[in-house]
Amino acid sequence: MPNDRSAPADTPRTPTAPDAVAPAVPVVPGAPAPDAVTRAPDAVTPAPDAVTPAPVLPPGVAAVPEALAPAAPDAVAPAVPDALAPAAPCGYRAVFAVAEFRAVFAAHLFSLLGVVVSELALTVLVYDLTGSPLLSALTFALGLLPYLIGGTLFAGVADRYPARRVLVVCDLLCAACVAVMLVPATPVAGLLALRCLVAAIAPVFTGTRMAALTDILGEGDLYVLGRSLLRIVSQSAMLIGFGAGGVLLTVLSPRGAITVTAVTFLASAALLRFGTRARPARSGDGGGTLLKESLAGARLILGDRRVRALMLLFWVPPMFVVAPEALAAPYADAIGVPSAALGLLLCSMAVGHIGAELFVGSALSPRNRSRIVLPVAAVGLLPLVVYAVRPGLPLAVAALALAGAGAAYVIGLDQWFVDAVPEELRGRAMTLLTAGLMTVQGLGMALAGLAAEFFPVHQVVAGSGILGTVCTLLLVAEVRATAPGRMSDTEGRDRADRHVTSG
């Protein structure tokens, strides 16, 4: 369909008379008569590909107004009808149209599957070597606890050095740790220590990659959808990775499966090294130590009321929503369902999250995604209250799927967070965000398990939904109070001063 600038089909491409393009020259006292400066008609009509020269005016004559100036050649050329113009990709397709993001996405897929497989294989290996269920379970816990240490003490790496270099070095360090795990002489204590080191590197890698996405995709909708795709892959890895790891362990030894992990880390490093552009660091060496920069950045980030409120909104709902996953096995036993049903309880929340994120990312506009952040966050944990009636398997699975769908509020929250964090602190902010998110989920699981020692499992899950909703509502009020335009003038000036001095 022609647009409103298109000329009718019978409109000539060039003016038929010189009057249509020749501007009138104003008569100024003391200046030559118009005939003296007006060229002959043949001289005025340019060739189709020629550029019309600017009219020569006598001294003292003002420039010809833009509205009267000769039209540029492309102004009279017919516009290409919209129906013939190539359609620009939109939504998730637009994100995949960026070559650098495709490399980041593939690297994320490789490394994530490698981590999931290594967690399963290392758990089996530690159990084979020790016969201790406690030490076997500890390998999973050690995948969460070091996040806080690595994310707090080493966050400065994300802004101090070029992002591509940080990402590649992190992958190579993880590959080296996994390679040492393959040595038969490595003791169990060494395996657990290496597991801790990989977990400490993870938040630096993830935070740096999140900040680098703003360079690759910009700070607008493409970034939000790119983050959404990486989250979807992370949720899918829980469904696919453990299954793939189980299949591998049927044909390979635990150390053989861990070898696959080393290969995935190397593949990720290669994709990031050759698939992304080198960019300078966000902030140079400030003269202090890395530890000092990391802690100073954490103080600046958490000292900003708006950023702190947004970060807590990322952290608090996941802290409570993990309760039914942590207690899935005892709940399945309590309602008397077969052990095969445990898989349904564990995967239904991830399925709900993936489905809701895909819908919100593809069907809603950026404005509508922003509108649903606070309402969805406020009610996202309420489905867990269904556990108060000790539901059977079908109702429990539905409640968990709805609770997983509640996590879709994070898509719009991503945009708010990027807008609120100054660029020179972005890498440290993303690293701290990742570290805190993993830490609070581990804490939530531990607290749910502790509560289940004193109360029935279904009451613990329902209580998590109620308490989590109350805490989230308080955060929603704080996020509203710190929204741009609602903060007091003094708070706004203080925040601007912190942004200026944070470099």
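Keep in mind that this is a model prediction, so the values were computed, not measured.

Participant: Would you mind going over the pattern of salt bridges with me for this structure?
Facilitator: Pairing of side chains with opposite charge becomes possible as their charged atoms draw close. What the rule picks out here adds up to seven salt bridges. Note that Arg-277 and Glu-100 form a salt bridge whose closest N and O atoms lie 3.9 Å from each other. Taken as a pair, Arg-277 in the loop between helix H12 (254-275) and helix H13 (290-303) and Glu-100 in helix H5 (residues 99-130) lie far apart in primary sequence, 177 residues in all. Of the residues examined, Glu-100 reaches a relative accessible area of 13% and is grouped as buried. Each member of the salt-bridge network shares a partner with another, and the members are Arg-227, Arg-231, Glu-357 and Asp-414.

Participant: Can you help me understand the confidence of the model for the protein in this one?
Facilitator: Detailed reading of the predicted model is not advised wherever pLDDT is low. Overall, the prediction assigns the protein a mean pLDDT of 76, with 73% of residues at 70 or greater. Under a pLDDT of 50 for its full length, residues 1-86 has, in the predicted model, 41 contacts with residues more than four places off or in other chains. Counting interchain partners and residues more than four positions distant, the pLDDT-below-50 stretch residues 489-503 has 15 contacts.

Participant: Help me understand the environment of Ile-411, please; the structure alone is not making it clear to me.
Facilitator: Within the fold, Ile-411 resides in helix H21 (residues 410-420). For Ile-411, a relative accessible area of 0% puts it in the buried group. It is 9.7 Å that separates the C-alpha atoms of Ile-411 and Arg-231, two residues lying 180 residues apart in sequence. For Ile-411, the residues in contact, after removing those within four places along its chain, are Val-224, Ser-228, Arg-231, Glu-357, Val-360, Gly-361 and Arg-369.

Participant: Is there a simple way to explain a nonpolar patch on the surface in this structure?
Facilitator: On the surface, Ile-149, Leu-153, Phe-154, Leu-291 and Leu-295 cluster together into a nonpolar patch covering about 400 Å² of accessible area. If you list the elements that add at least two residues to the nonpolar patch, you get helix H7 (146-153) and H13. Along the chain, Leu-295 turns up in helix H13.

Participant: How should I be thinking about the packing of aromatic side chains in this particular structure?
Facilitator: To describe a pair of aromatic rings, you give the distance between the ring centres and the angle between the ring planes. One pass over the structure, following the stated rule, counts five aromatic pairs. Relative to Phe-101, the ring of Phe-96 lies with its centre 5.8 Å away and its plane at 65°, an arrangement referred to as edge-to-face. Residue Phe-101 is classed as buried on the basis of its relative accessible area of 0%. Plain terms: the ring middles of Phe-101 and Phe-105 are 6.0 Å apart, the flat faces sit at 40° to each other, and that makes the pair tilted. Residue Phe-101 and its partner Phe-105 are both found in helix H5; the two are separated by four residues, about one turn of the helix. The buried category is assigned to Phe-105, whose relative accessible area is 18%. Of the aromatic side chains, those joined through ring pairs into one cluster are Phe-96, Phe-101 and Phe-105.

Participant: Looking at this structure, I do not really get the nonpolar core. What am I missing?
Facilitator: Where a protein is soluble and globular, its nonpolar side chains tend to be buried together. Counting residues in each nonpolar core, the largest one holds 111 residues, and the members touching the most others are Phe-101, Leu-313, Leu-345, Tyr-387, Leu-413 and Phe-417. Element by element, the count of residues in this core is highest for helix H10 (residues 188-217), at 13 residues. Here Phe-101 is in contact with Val-95, Phe-96, Leu-213, Ile-216, Leu-217, Gly-226 and Leu-229, once residues within four sequence places are set aside.

The rules behind the values
Per chain, the residues get numbers from 1 upward, laid out in the order the sequence is written. Only residues with pLDDT of at least 70 get local features here, since the model is predicted, and only at 80 or more are side-chain atom pairs given and counted; chain-wide, interface and lining totals rely on the full set of residues. With hydrogens and water excluded, all non-hydrogen atoms of the structure serve as input to the side-chain values. A pairing counts as a salt bridge when a side-chain nitrogen of Lys or Arg comes within 4 Å of a carboxyl oxygen of Asp or Glu. Helical segments are the DSSP runs of H or I of at least four residues, strand segments are the runs of E of at least two, and each set is numbered from the N terminus. Working definition: with a 1.4 Å probe on protein chains only, accessible area under 20% of the residue-type maximum means buried, over 50% means exposed, and in between means partly exposed. The quantity known as pLDDT measures the predictor's confidence residue by residue, on a range of 0 to 100. Should any heavy atoms of two residues lie within 4.5 Å, those residues are considered in contact. Residues enter patches when their relative accessible area tops 30% and they take part in no salt bridge; the joining distance is 9 Å for like charges and 5 Å for the nonpolar side chains Val, Leu, Ile, Met, Phe, Trp and Tyr. Residue burial considers only the protein chains on display, and all accessible areas are found by Shrake-Rupley using a 1.4 Å probe. Stacked, tilted and edge-to-face are the three classes applied to pairs of Phe, Tyr and Trp rings, where Trp contributes its six-membered ring and a pair requires centres within 6.5 Å; stacked means planes under 30 degrees apart, edge-to-face means over 60, and tilted covers the rest. Joining through side-chain atoms within 4.5 Å is the link that ties buried Ala, Val, Leu, Ile, Met, Phe, Trp, Tyr and Cys residues into a set, and such a set is a nonpolar core.

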